[in-house]
Amino acid sequence: MRYIRLGGGTSRDMPGETQAASADRRRFLAGLAAAVLMGETAPAFVSNAEAAFGPRVSAAKINLRKAERYINRIRVRHGAGRVRMEGRLTKAAQRHSLMMARKGKLAHQFGPGTRFKDRIQKAGIRGSAAENISAGYSSMESAVDSWHQSPGHRRNLLNRKLTHIGMAAAVNPASRYKTYWTLILAHL
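This one's a predicted model, so the numbers in the text were calculated from it and none came from an experiment.

1. So, the environment of Asn172
So, step 1. Topologically, Asn172 is positioned in the loop between strand 6 (164–171) and strand 7 (179–186).
So, step 2. Given a relative accessible area of 9%, Asn172 falls into the buried group.
So, step 3. The spatial distance from the C-alpha of Asn172 to the C-alpha of Val57 is 4.6 Å, given a sequence separation of 115 residues.
So, step 4. Those residues in contact with Asn172, other than ones at most four positions away along the chain, are Val57, Ala101, Arg102, Lys178 and Tyr180.

2. A closer look at the confidence of the model for the protein chain
So, step 1. For the protein chain, per-residue confidence averages 79 on the pLDDT scale, and 71% of positions sit at 70 or higher.
So, step 2. The low-confidence segment residues 1–15 (pLDDT under 50) makes 27 contacts with residues lying over four places distant or belonging to another chain.
So, step 3. Across residues 32–54, where pLDDT falls below 50, the model places 13 contacts with residues more than four positions away in sequence or in other chains.

3. Considerations on the packing of helix 3 (residues 64–77) against helix 6 (residues 140–149)
So, step 1. Across the interface, helix 3 lies against helix 6 with an axial gap of 10 Å and an inter-helix angle of 25 degrees. In terms of axis orientation, helix 3 runs roughly parallel to helix 6. The two elements helix 3 and helix 6 cross, and the hand of that crossing is right-handed. Only Met140, Glu141, Val144, Asp145 and His148 of helix 6 make contact with helix 3, whose side of the interface consists of Lys66, Ala67, Tyr70, Ile71, Ile74 and Arg77.

4. Section: the pattern of salt bridges
So, step 1. Tallying each qualifying case throughout the model produces four salt bridges.
So, step 2. Residue Arg88 pairs with Glu86 through a salt bridge whose shortest N-O separation is 3.1 Å.
So, step 3. For the salt bridge of Arg119 with Glu131, the shortest nitrogen-to-oxygen distance reads 2.9 Å. With a gap of 12 residues between them, Arg119 in helix 5 (residues 116–122) and Glu131 in strand 5 (residues 129–135) connect regions that are remote in the sequence.
So, step 4. Glu131 gets classed as buried once you look at its relative accessible area, which sits at 7%.

About the criteria used
Residues numbered from 1 in each chain as written. Predicted model: local features only at pLDDT ≥ 70, side-chain atom pairs only at ≥ 80, totals over all residues. Heavy atoms only, no water. Helix = DSSP H or I, 4+ residues; strand = E, 2+ residues; numbered from the N terminus. Buried < 20%, exposed > 50% of the residue type's maximum accessible area, 1.4 Å probe, protein only. Contact = heavy atoms within 4.5 Å. pLDDT = per-residue confidence, 0-100. Axes fitted to C-alpha atoms, helices over the stretch in contact; angles between N-to-C directions. Parallel < 35°, antiparallel > 145°, perpendicular 65-115°, else oblique. Left-handed = near helix turned anticlockwise from the far one by under 90°. Salt bridge = Lys/Arg side-chain N within 4 Å of Asp/Glu carboxyl O.

Shown next as structure tokens:
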């Protein structure tokens, strides 16, 4: 622990803790102490913890049929052929979106075993595959449109060899981007 001076008093903060996090921790502990003194039960403790540390990361609900139709409209317009939504790809996309949301970071990998190749093999996919990710878009259409406008993402989106897709999003209201999107395309 380190000691810092705040407003004339002394406070113990955790190493690397920001002043805002320190204030949140102190508010949480004060709420916990009050709950214990008032005889609150465990469920109240959990809700107090969530109130102090923010909402949880969760999977975003998206209409997969609508996503499939939207992506197919773009692909057919460019002569790329239709794709079909596939469960293993969607689960892999969901896991990655949740990981990005938990970390509050847009990235294709987060350390050993999280490379795209590792993740796709773990999902049982052995053929060609590609991944598009994005963050900060509030709708499926805006996420897909952003990929359509980006040369590298567009190449994946319109790849004629890729026949199946999985798409997912996750939300972390306390993070910079809020919503994290993953589209996985593969040849099955």
